[in-house]
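# Observations on chain architecture
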Amino acid sequence: PPDVEILGRSSWTLLHTIAATYPDTPSRTQQADMLRFMDLFSKLYPCWVCAEDFQSYIVKRVPKVTSRDEFGQWMCNAHNDVNRKLGKKEFDCSKWLERWKTGPKD
Ligand code: FAD
């Protein structure tokens, strides 16, 4: 099976980078595509225990896809909920754009 840590780091990089490049004012189609992407991502994520949790997470907390800012904050909170579950440090979501758009600091 894939290495859960390497897979996780790469996947968060992909997810936050997708959020950071999502439009400020997405069209209806772009919003629908993003909801579909998140739904399929949660189903196909190849860490199956992770995927199971993430699937129920996005049902409970439906991704906010109305703007880049909303989506970025949603993603940051989702990542923090996983951080909490794993006993990792929480990330300051006011630094989200700086971390993922202006470029990584670590
Ligand atoms: P990561 O958590 O991978 O973070 C990478 C970088 O992102 C950090 O260095 C930091 O710069 C930045 N960052 C941290 N928090 C945030 C935030 N809130 N917002 C924005 N940027 C942030 N692992 C399991 O063992 N069990 C699980 O159930 C599980 N579920 C997962 C579900 C999903 C959808 C994903 C993508 C991953 C999941 N993982 C799970 C993997 C786990 O979240 C980590 O990716 C992995 O443990 C490696 O952690 P890390 O400490 O290298 O940093």
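Conventions used here
- Residues numbered from 1 in each chain as written.
- Predicted model: local features only at pLDDT ≥ 70, side-chain atom pairs only at ≥ 80, totals over all residues.
- Heavy atoms only, no water.
- Helix = DSSP H or I, 4+ residues; strand = E, 2+ residues; numbered from the N terminus.
- Buried < 20%, exposed > 50% of the residue type's maximum accessible area, 1.4 Å probe, protein only.
- Contact = heavy atoms within 4.5 Å.
- Polar contact = N/O pair within 3.5 Å; in protein donor to acceptor, adjacent residues only side chain to side chain.
- Disulfide = S-S within 2.5 Å.

Further remarks concern the environment of Trp74. Looking at the element boundaries, Trp74 is found in helix α4 (residues 68-85). A residue is classified by how much of its surface remains accessible, and Trp74, at 7% relative accessible area, is buried. Each C-alpha atom, one on Trp74 and one on Val59, is 13 Å from the other, the two residues being 15 residues apart in sequence. Among residues more than four places away in sequence, those in contact with Trp74 are Met38, Phe54, Tyr57, Ile58, Arg61, Val62, Pro63 and Lys64. Of the polar contacts made by the side chain of Trp74, one reaches the backbone oxygen of Arg61; its length is 3.2 Å.

So, about the state of the cysteines. Working definition: the covalent bond between the sulfur atoms of two cysteines is a disulfide. For the structure shown, the criterion picks out two disulfides. Covalently, Cys47 is tied to Cys50 through a disulfide, its sulfur atoms 2.0 Å apart. Disulfide Cys47-Cys50: the torsion about the S-S bond is 65°, which places it as right-handed. On the accessibility criterion, Cys50 (25% relative accessible area) is partly exposed. Linked covalently through their sulfurs, Cys76 and Cys93 form a disulfide whose S-S length is 2.1 Å. On the sign convention where negative is left-handed, the bridge of Cys76 and Cys93, at about -95° about the S-S bond, is left-handed. With a gap of 17 residues between them, Cys76 in helix α4 and Cys93 in the loop between α4 and α5 (96-100) connect regions that are remote in the sequence. By the burial criterion, Cys76 is buried, and Cys93 matches it. Along the protein chain, the cysteines that take part in disulfide bonds pair up as 1-2, 3-4, counted in sequence order.

Everything listed is a geometric property; what it means functionally is a separate question.
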